[in-house]
Amino acid sequence: MPSVYDLKPKFQNLLRPLVNLLARIGVTANMVTIAAMLGSIAYGIWIYQPFATHGPNPYPFLFLGLFLFIRMALNAIDGMLAREHNQQSLFGAYLNEVGDVVSDAALYLPFLDLMEHGIGWVLMIGLCCLTEFVGLQGKTIGASRRYDGPFGKSDRAVFFGALGLFTAWAVFENKQALHGIVMNWAMLIASLLALITISNRVRRGIQEARS
């Protein structure tokens, strides 16, 4: 199945001048990874607004897609710094994988604040995190780190960015009932796509290892 991840080479080519500049001024891959993770946590807190006494704020949802695009750029930059500027390290490998899972959870779990029944949403986020674990497991059986779609990290960014726009519109227009219906369907679709992704990464990882 097609995936947004397939566009990564072209995206990296656009970012390469910036990456070279960052390397020259001393920015490291681990710095970028940590910045992306901390920024995601901060943005998730803005979405959830645990100390707010009023209703949901539509603006964090409205700009979620933009933030996810920036996060994708940061994720590409840290990988390019590591590979192309001799910054690969064992700690960086751990940090990169942990940062992705923490960032996803921080950005997507706050949607729970707008949902009546949240257990399904939590399970769906768990499946999304499991796709990354399964992809990483490829290395343990002699295959590469698997990035197969259709619901990898970049695909999820597009999906949840669109949900953020819809949520902002629903809050602005006071369409709570419609929002609840759409979010339930989105949860089911995302869960199905995550399961397909897990299956693809397991199957293709085994095929690669055997070959």
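Scroll up for the structure.
Before we move on, can you summarise the pattern of salt bridges with the specific residues and values?
Taken as a whole and assessed by the stated rule, the structure comprises eleven salt bridges. Across the salt bridge formed by Glu 97 and Arg 145, the nearest N and O atoms sit 2.9 Å from each other. Of this pair, Glu 97 sits in helix α5 (residues 90–108) while Arg 145 is found in the loop between α6 (119–137) and α7 (153–173), placing the two residues 48 residues apart along the sequence. Among the residues examined, Glu 97 registers a relative accessible area of 14% and is labelled buried. The salt bridge involving Lys 153 is made with Asp 100; its shortest N-O contact spans 2.9 Å. Here Lys 153 is found in helix α7, whereas its partner Asp 100 is found in helix α5, with 53 residues between them in sequence. Judged by its relative accessible area of 23%, Lys 153 is partly exposed. Here the salt bridges share partners, and the residues they tie into one network are Arg 71, Glu 97, Asp 104, Glu 132, Arg 145, Arg 156 and Arg 201.

Quick rundown of a nonpolar patch on the surface? Include the residues and the values.
On the surface, Trp 46, Tyr 59, Leu 62, Phe 63, Leu 66, Phe 69, Ile 70, Leu 165 and Phe 172 cluster together to form a nonpolar patch covering roughly 860 Å² of accessible area. When residues of the nonpolar patch are traced back to their parent elements, those giving at least two are α3 (58–62), α4 (64–84) and α7. The greatest single-element share of the nonpolar patch, amounting to three residues, is contributed by α4. One can find Tyr 59 in helix α3. Note on Tyr 59: relative accessible area 41%, which makes it partly exposed.

I'd love a proper account of the environment of Leu 112, names of residues and values included.
Residue placement: Leu 112 occurs in the loop between α5 and α6. Remark: the alpha-carbon pair of Leu 112 and Ser 144, spanning 32 residues in sequence, is separated by 34 Å. Once residues lying within four places of it in the same chain are set aside, the contact partners of Leu 112 are Gly 118, Trp 121 and Val 122.

Now, about the packing of aromatic side chains: what can you tell me, with residues and values included?
Following the criterion strictly, the structure yields twelve aromatic pairs and no others. Seen in terms of ring centroids, Phe 151 and Phe 159 are 5.4 Å apart; in terms of plane orientation they differ by 85 degrees. Their pairing is edge-to-face. Pair check on accessibility: Phe 151 and Phe 159 agree, each one buried. In textbook terms, an aromatic cluster arises when at least three aromatic residues are bridged by ring pairs, as seen for Phe 61, Tyr 108, Phe 111, Trp 121, Phe 151, Phe 159 and Phe 160.

I'd like to hear about α4, residue by residue, with values.
Taking 1.5 Å of rise per residue, 21 residues should cover 30 Å, and α4 covers 30 Å from first to last C-alpha, within 8% of that figure. Phi turns positive one or two residues past the end of α4, at Asn 86, with a value near 55 degrees.

What counts and what doesn't
Residues numbered from 1 in each chain as written. Predicted model: local features only at pLDDT ≥ 70, side-chain atom pairs only at ≥ 80, totals over all residues. Heavy atoms only, no water. Salt bridge = Lys/Arg side-chain N within 4 Å of Asp/Glu carboxyl O. Helix = DSSP H or I, 4+ residues; strand = E, 2+ residues; numbered from the N terminus. Buried < 20%, exposed > 50% of the residue type's maximum accessible area, 1.4 Å probe, protein only. Patch = residues over 30% accessible without salt bridge, like charges linked within 9 Å, V, L, I, M, F, W, Y side chains within 5 Å. Areas by Shrake-Rupley, 256 points an atom, 1.4 Å probe, with all protein chains shown as cover. Contact = heavy atoms within 4.5 Å. Phe/Tyr/Trp six-rings, centres within 6.5 Å; stacked < 30°, edge-to-face > 60°. Expected span 1.5 Å × (residues − 1).

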